[in-house]
Amino acid sequence: MADLYGPIFKLKLAEDFVVVSSQEYVNEICDQDRFEKLPSGALIELRFLIGDGLFTAYSSEPNWGKAHRLLVPALGPLGIRKMFDDMLDISSQMVLKWDRLGPQNEIDVADDLTRLAFDTIGLCAFSFRFNEFYGEQVHPFAEQMARVLLASGKRAFRPGLVNQVLTWSENERQEDISKMHAVADDIVRDRKAHPQPDCKDLLNIMLLTADRETGEKLSGENIRFNLVTFLVAGYKTTSATLCFLYYNLLKNPKTFIKA
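This structure is a prediction, so every number in the text was calculated from the model and none was measured.

## Structural notes on the overall build of the protein
For step 1, the next point in the chain: When helices and strands are tallied, the protein shows 14 helices and 2 strands.
For step 2, the next point in the chain: A globule of 259 residues ought to have a C-alpha radius of gyration of about 18 Å, and the protein, at 20 Å, matches this closely.
For step 3, the next point in the chain: Expressed along its principal axes, the backbone C-alpha trace of the protein runs to roughly 55 × 55 × 45 Å.
For step 4, the next point in the chain: By the burial criterion, 38% of the 259 residues in the protein qualify as buried.
For step 5, the next point in the chain: Put simply, of all contacts in the protein between residues at least 6 apart along the chain, 58% involve residues at least 24 apart.

Take a look at the structure:
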C-alpha cells in the first residue's frame, strides 16, 4: 500500500487508521513535544489487564514517564546484544527438539515458535525459565492471553449496553486476567526470594532502579502491568513473524535469501 499510496495514508475500516511507513515520518510522530500516546479501542479494554503499562498508558500518566525512562535504555541496541546468549540458549533447545524428532515425525512449527518466543522473553527480560520445550502443553498463559485479546477486541466494538448484558463473558475475561496477573506475581515473588543483584535484566531494573527525574521506583502494580505487557506484546507477534519467515524460506529459499 505504501508503494501505491506513498509513505502516509489512511485506512477506513471499523475506524480510521493513519499509517506511516517511512523512518522520517515515524521520527516525526515520536516527537513527544508535538504528539502524545492516545490508547483507543481494544487498548482501552486491555487496561483491565495491563493498566498503565507501557503499551496502554496515556502519556499524561506518571507511570508512563517513569517506566519509559527506566526501560528504553535497556532495550537499545547494546541492551539487545547482551540478550543474545539467552536467545541462543532457547533457540538451541528448539533445534535440539526438532533434531530428536527426526524427518519421520511432523513438527508443529507454529506451536514451537510460540514456545520459542515466550521462553525467550521470559529468560531475556526476567531471567525466568518457563521451560516450554520440556512439556507437552503450551503454557496456560498463551491460551489465557488469546481469550483476553479476543474478548477485549469484541468489547471495544460492541455497544456499552450489550457489554453490560454479557456478564458471563466478562466474568470469564476477568478470570483469565487474574490468572495472567498471577503468573507475573510468581515471577516477581521468585526474584524477591532469590535476589540477583548483579543481573541487569528488565525485572531488576523495574524492581531496583529509581527514575532519575522523580527519584521514585515503579510500584508493585505497575511492575506487574509491565511484566504482563512484555509477555503479551512481545511473543505472539514475534512467533507469527517467525512463522511467516519460515514458511517463505521453505517455499522459495533462493528468492528469500536473496531478499
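From this point on, the discussion continues.
## A short note on the packing of helix α9 (residues 140-156) against helix α11 (residues 167-193)
For step 1, the next point in the chain: In contact at an axis separation of 9 Å, α9 and α11 are set at 140° when each is read in the N-to-C sense. Between α9 and α11, the crossing angle belongs to the class labelled oblique. Once α9 is placed against α11, the crossing between them reads as left-handed. Touching F141, Q144, M145, R147, V148, A151, S152 and R155 of α9 are E170, R173, D176, I177, K179, M180 and V183, all from α11.

## Section: the environment of D185
For step 1, the next point in the chain: Among the secondary structure elements, D185 is positioned in helix α11.
For step 2, the next point in the chain: Residue classification places D185 among the partly exposed residues on the basis of a relative accessible area of 23%.
For step 3, the next point in the chain: With 57 residues separating them in the primary sequence, D185 and F128 have C-alpha atoms 12 Å apart.

## Here's the deal with the state of the cysteines
Working definition: the covalent bond between the sulfur atoms of two cysteines is a disulfide.
For step 1, the next point in the chain: Evaluation of the coordinates by the stated rule reveals 0 disulfides.
For step 2, the next point in the chain: Not engaged in a disulfide, the cysteine C124 finds its nearest cysteine sulfur in C199; these two sulfurs lie 11 Å apart.
For step 3, the next point in the chain: For C199, a relative accessible area of 19% corresponds to the buried category.

## Concerning the confidence of the model for the protein
For step 1, the next point in the chain: Per-residue pLDDT for the protein averages 89, and the proportion of residues at 70 or more is 97%.
For step 2, the next point in the chain: Helix α12 (residues 202-208) holds the highest mean pLDDT among the elements of the protein, 96, whereas helix α14 (residues 253-258) holds the lowest, 63.

## Comments concerning the domain arrangement of the protein
For step 1, the next point in the chain: Each assigned domain of the protein is listed here: domain 1 (1-35) and domain 2 (39-258).
For step 2, the next point in the chain: Using only C-alpha atoms to locate each centre, domain 1 and domain 2 end up separated by 26 Å.

## Some remarks on the packing of aromatic side chains
For step 1, the next point in the chain: All chains considered together, the criterion is met by 5 aromatic pairs.
For step 2, the next point in the chain: For the pair Y5 and F9, a centre-to-centre distance of 6.2 Å together with 45° between the ring planes defines the contact as tilted.
For step 3, the next point in the chain: Relative to F130, the ring of F118 has its centre 4.4 Å away and its plane inclined at 35°; by these criteria the two rings are tilted. Of this pair, F118 sits in helix α8 (residues 109-126) while F130 is found in the loop between α8 and α9, placing the two residues 12 residues apart along the sequence. You'll find F118 and F130 in the same group, each marked buried.
For step 4, the next point in the chain: Ring pairs connect the aromatic residues F118, F128, F130 and F141, which therefore count as one cluster.
For step 5, the next point in the chain: Between K37 and the ring centre of W64, over which it is positioned, the NZ or CZ distance is 5.1 Å.

## What about helix α5 (residues 62-71)?
For step 1, the next point in the chain: Counting buried positions along α5 yields 8 of 10 residues, so the element is predominantly enclosed.
For step 2, the next point in the chain: Taken as a whole, α5 has its buried residues at N63, W64, G65, K66, A67, R69, L70 and L71.

## Brief notes about the packing of helix α7 (residues 84-101) against α8
For step 1, the next point in the chain: Between α7 and α8, the shortest axis-to-axis distance is 9 Å and the interhelical angle comes to 155°. Judged by the inter-axis angle, α7 sits roughly antiparallel to α8. As for the relative orientation of α7 and α8, their crossing is right-handed in sense. Only V109, D112, L113, L116, D119, T120, L123 and C124 of α8 make contact with α7, whose side of the interface consists of D86, M87, D89, I90, S91, Q93, M94, K97 and W98.
For step 2, the next point in the chain: Residue composition of the contact of α7 with α8, by class: 9 nonpolar, 3 polar and 5 charged.

## A few points about the environment of T120
For step 1, the next point in the chain: With respect to the helices, strands and loops of the structure, T120 is situated in helix α8.
For step 2, the next point in the chain: Remark: the alpha-carbon pair of T120 and D185, spanning 65 residues in sequence, is separated by 19 Å.
For step 3, the next point in the chain: Apart from the residues within four sequence positions on either side, T120 is in contact with M87, I90 and A125.

## Comments concerning the environment of A117
For step 1, the next point in the chain: Take A117: it is sitting in helix α8.
For step 2, the next point in the chain: In this structure A117 comes out as buried when scored by relative accessible area, which is 5%.
For step 3, the next point in the chain: Remark: the alpha-carbon pair of A117 and L242, spanning 125 residues in sequence, is separated by 9.1 Å.

Calculation rules
- Counting restarts for each chain: residues are numbered from 1 in the order of the written sequence.
- Since the coordinates come from a predicted model, pLDDT governs what is reported: local features require at least 70, and pairs of side-chain atoms require 80 or more to be given and counted, while whole-chain, interface and lining totals use all residues.
- Computation of side-chain values covers all heavy atoms of the structure but excludes hydrogens and water.
- Helix and strand definitions follow DSSP, with helices as H or I runs of at least four residues and strands as E runs of at least two, each counted in order from the N terminus.
- Both definitions apply: the radius of gyration is a C-alpha atom measure, and the globule rule equals 2.2 Å times residues to the power 0.38.
- Each residue is placed in one exposure class: buried if its accessible area under a 1.4 Å probe, protein chains only, is under 20% of its type's maximum, exposed if it is over 50%, and partly exposed if it falls in between.
- By definition, residues are in contact when any of their heavy atoms lie within 4.5 Å.
- As a rule, the C-alpha atoms of each element are fitted with a line to give its axis, helices using only the stretch in contact, and angles between N-to-C directions run from 0 to 180 degrees.
- Here roughly perpendicular refers to angles of 65 to 115 degrees, roughly parallel to angles under 35, roughly antiparallel to angles over 145, and oblique to all remaining angles.
- Each crossing is labelled by how the near helix is turned from the far one, with a counterclockwise turn of less than a right angle marking it left-handed and a clockwise turn marking it right-handed.
- Pairs of cysteine sulfur atoms within 2.5 Å are identified as disulfides in what follows.
- Summary of the metric used: pLDDT quantifies the predictor's per-residue confidence within the range 0 to 100.
- Note that domain bounds follow an automatic or database assignment of domains.
- Aromatic contacts are taken between Phe, Tyr and Trp rings whose centres are within 6.5 Å, Trp giving its six-membered ring; a plane angle under 30 degrees counts as stacked, one over 60 as edge-to-face, and the others as tilted.
- Each ring is checked for a lysine NZ or an arginine CZ that lies within 6 Å of its centre and within 35 degrees of its normal; such an atom marks a charge sitting over the ring.
- All residues other than Ala, Val, Leu, Ile, Met, Phe, Trp, Tyr, Cys, Pro, Asp, Glu, Lys and Arg, Gly among them, are scored as polar; the first ten of these are nonpolar and the last four charged.

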